[in-house]
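# Geometric and topological summary
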Amino acid sequence: MVLSEPYWDHHIPLPKLGTLHSRLVTAFVALICFINSYDGDFVFDDSEAIINNKDLNPDTPLSNIWKNDFWGSNLSSNSSHKSYRPLTVLTFRINYLLAGGLHPIGFHMLNVALHCVISVLMIDVFAILIGGLVHDGRGAKLNLFPKASFLAALFFAAHPVHTESVAGIVGRADLLCALFFQLSFLVYCKAFQGGDRKFSVLWIFGSILLCAVAMLCKEQGITVLGVNAAYDILMVCNLNIYELTHRLLSRRKSSDIGGLVRSGLLMRLALLFLGGSFLLYARWRIMGTGPPSFTEVDNPASFAENVILRIVNYNYYYSLNAWLLLCPWWLCFDWSMGCVPLIKSATDWRIVWPLVLWCCLMGLISQALCSQDSNKRRTLTFGLVLLVIPFLPASNLFFRVGFVIAERVLYLSSAGYCLILAYAVGYCSCHWRKHKVHYNVGKSLADRGNQSAAVKYYREAVRLHPKYVHAMNNLGNILKERNELREAEKLLSAAVHIQPDFAAAWMNLGIVQNSLKKFDKAEQSYWNAIRFRKKYPDCYYNLGRLYADLNRSIDALNAWRNATMLKPDHSLAWNNMVILLDNTGNLAQAELIGKEALKILPKDHTIMFSLANVLGKQEKYKESEGFFLNALKINPNVASCHGNLAVLYHRWGKLDLAKRHYELSIRLDPSAPGTKENYNMLKRKLDQRQRPVG
């Protein structure tokens, strides 16, 4: 048994905005921007979808909303626009019932509330896309980039292009669709939280089900499957499209393809494809297996006989939509009726705008594919994914739509624009605060385990700002872990010389000096850290480690006791006290400390394991067995726990149980020499017991 290694204090100089605070601020911004619509009347399309829609009337059978379109017309009618959104109509009907009639304030307030919720959820969506899932062996956890995701969510909450969706009551279809779009994506991400490249088919089916719910709010909901697929390919499987394309074109072998098969990607994509195909087929059957009929007034470009002019005008519409995202200076509730005259010749100056749009898109795509900065590639790629994929149903590429431009269809696409905008703001700030950004990039890389790249950024931060003590501290930490102790000591010594009250740097300097066998200096550094930060449990913990190395057991116990008094749930300090007392033969005191610790940390399997060892040595076999089994319930794959439980059964005379746990331990850790020796001893004993006496 060994004492736990000391751990490091990574001091973060910039205050992080708490998750709760960021959510409250985002909701508040969304509320302030759109609350002035609360007392609006029913206007424009509200007349047909709400006032004249008989499906809202409580006297109308509820089943009608599943047979009629969004406007209350029968789906089989030739005049129906085939917009099947029964769940949106159901919310209108609930508003009608709660208000006792057609009172618009309740309708408007629900729209505003939905926009607030969606804006808050965007923080999680953006954080996943920017940071991804980090597997640490115990499962997957979010690697959040709170500032960037928070900024992007703020842009989304306040973007003026959302006016039609939030202030117009019929825009609720877009709001509900966006809500279930987000939930479908977040549930899909939950499928990968098992770790070890495992995924849950149940969560994937849940995501497809939520996609179906989004479609029942608005047809655009089907596009979440495309976003899920892109996330799976680019984030979960970490596929570098540029590198893979280059290898295929150069006919070089790529190890990525086999890895994708082993990771289950093809199975997941098949599930998404089959689920999407079923939903599209069901949607086609519901609308009578025929497309809606639109007139030239609704979408004049789609009726142009010349294919080239049709393509040019479609691209001109795309550029206008992009301009609305970039500069929503003028907004309009209805862009039909000749608001946007057709481009009919190559001499029309407006043909420049589609060219500008595609030049910008090509620039973004090239950066998303070819940039050496992985953060830049990931952010721009998913920004483009969110920008383009939700817009596809409105693009006229797959079927004719019934409008020229509709700001409401940009509600989801604006999320991609906001993500790219947040990145652009961060990129500009890089030039304003170089040393801060180099530090933050280094910190981000270090948190994700890319220490070599982190060292490069930390060194650059120190070069640009030679007195940047926090960069020195974190660089010293990494150098210590790489066993570059002399340079680590030099950096940390410089940091505390520049800022004598930098307690974390003093503690980390003490750890380095301890590793260099400079025990007196290490002890003094620890006490300096405690002098500048009175309540510093981690420093007391590391001080105890120093005293344990020097065989100063009483001092070590006192230091760890101080750590647990300042931080009662300091698991390492509790556990090391039990282990030290066990190793020095103070079994009764070790038992008392272990039981005291478990009152505070009742589910800490490491303390259970240490206490079980102590009880076993005192021949309190039954009690020891209970703690071993409880520890294994919490973490069943700890080889040493199975091995020591086997020793307990071995001494106790329960040889069959001992054999089973020895075998489990060896299966989990075949290289454990002590367990193998004990197992061989047991087998000899079992052979002797079974050998006939004669």
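Quantities reported herein were computed from a predicted structural model and do not represent experimental measurements. (Residues numbered from 1 in each chain as written. Predicted model: local features only at pLDDT ≥ 70, side-chain atom pairs only at ≥ 80, totals over all residues. Heavy atoms only, no water.)

It is worth spelling out the pattern of salt bridges at this point. Under the counting rule described, the total for this entry stands at 22 salt bridges. Across the pair aspartate 447 and lysine 443 runs a salt bridge, and its minimum N-O distance is 2.9 Å. Of the two residues, aspartate 447 and lysine 443 both sit in helix H17 (residues 434-447), 4 residues apart, roughly one turn of that helix. Taking relative accessible area as the criterion, aspartate 447 reaches 45% and is therefore assigned partly exposed. Among the charged side chains, a network of salt bridges with common partners joins Glu591, Lys595, Lys620 and Glu623. (Salt bridge = Lys/Arg side-chain N within 4 Å of Asp/Glu carboxyl O. Helix = DSSP H or I, 4+ residues; strand = E, 2+ residues; numbered from the N terminus. Buried < 20%, exposed > 50% of the residue type's maximum accessible area, 1.4 Å probe, protein only.)

Before going further, it helps to spend a moment on the packing of aromatic side chains. Aromatic ring pairs are defined here through the distance separating the ring centres and the angle between the ring planes. One pass over the structure, following the stated rule, counts 16 aromatic pairs. Taking 5.3 Å as the distance between ring centres and 75° as the angle between the ring planes, the aromatic pair formed by phenylalanine 156 and tyrosine 411 counts as edge-to-face. Here phenylalanine 156, found in helix H5 (residues 146-158), pairs with tyrosine 411, found in helix H16 (residues 410-432); they are 255 residues apart in sequence, far enough to count as distant. The structure contains a cluster of three or more aromatic residues connected by ring pairs, namely Phe42, Phe70, Trp71, Phe92 and Phe107. One residue, arginine 85, lies across the ring of phenylalanine 70, its end atom 4.9 Å from the ring centre. Directly above the ring of tyrosine 536 sits arginine 533, whose terminal nitrogen or CZ lies 4.0 Å from the centroid. (Phe/Tyr/Trp six-rings, centres within 6.5 Å; stacked < 30°, edge-to-face > 60°. Lys NZ or Arg CZ within 6 Å of the ring centre and 35° of its normal.)

On to the confidence of the model for the chain. The share of residues in the chain with pLDDT of 70 or more is 86%, and the mean pLDDT across the chain is 84. When the criterion is pLDDT under 50, residues 1-18 qualifies, and its contacts beyond four places in sequence or with other chains add up to 61 contacts. The low-confidence segment residues 132-145 (pLDDT under 50) makes 37 contacts with residues lying over four places distant or belonging to another chain. (pLDDT = per-residue confidence, 0-100. Contact = heavy atoms within 4.5 Å.)

This part is about the side chain of histidine 159. Inspection of the secondary structure puts histidine 159 in the loop between H5 and helix H6 (163-167). Within polar-contact distance, the side chain of histidine 159 engages the backbone nitrogen of valine 161 at 3.1 Å. Setting aside residues no more than four positions away along its own chain, histidine 159 makes contact with Phe34, Leu324, Leu325, Pro328, Tyr417 and Cys418. (Polar contact = N/O pair within 3.5 Å; in protein donor to acceptor, adjacent residues only side chain to side chain.)

Another point: helix H13 (residues 307-326). With 20 residues, H13 extends 29 Å from end C-alpha to end C-alpha; this agrees with the ideal 28 Å at 1.5 Å per step. Burial in H13 covers these residues: Val312, Asn313, Tyr314, Asn315, Tyr316, Tyr317, Tyr318, Ser319, Leu320, Asn321, Leu324 and Leu325. Its side-chain oxygen placed 2.8 Å from the backbone nitrogen of isoleucine 308, asparagine 306 serves as the N-cap of H13. (Expected span 1.5 Å × (residues − 1).)

A cluster of nonpolar side chains, contributed by Trp323, Leu326, Trp329 and Trp330, occupies part of the molecular surface with about 530 Å² of accessible area. As for its placement among the helices and strands, leucine 326 is situated in helix H13. (Patch = residues over 30% accessible without salt bridge, like charges linked within 9 Å, V, L, I, M, F, W, Y side chains within 5 Å. Areas by Shrake-Rupley, 256 points an atom, 1.4 Å probe, with all protein chains shown as cover.)

Turning our eyes to something else, we now look at empty space enclosed by the protein. In this structure the tally under the stated criterion is 2 cavities of 30 Å³ or more. Taken as a whole, the largest cavity holds about 60 Å³ of empty space. Lining of the largest cavity is provided by Tyr317, Tyr318, Asn321, Phe391, Ala394, Asn396, Phe403, Val404 and Val409. Residues of the lining of the largest cavity, tallied by class, amount to 7 nonpolar, 2 polar and no charged. Taken as a whole, the second largest cavity encloses approximately 50 Å³ of empty space. The set of elements that each furnish at least two residues to the lining of the second largest cavity consists of helix H4 (104-131) and helix H7 (172-190). Here the element with the most residues in the lining of the second largest cavity is H7; it accounts for 3 residues. In terms of residue class, the lining of the second largest cavity is made up of 7 nonpolar, 1 polar and no charged. (1 Å grid on protein atoms, 1.4 Å probe; cavity = no way out; pocket = protein on both sides within 12 Å on 5 of 7 lines; lining within 4 Å. Points joined across faces, edges and corners; volume = space filled by probe spheres on them. Nonpolar A, V, L, I, M, F, W, Y, C, P; charged D, E, K, R; others polar.)

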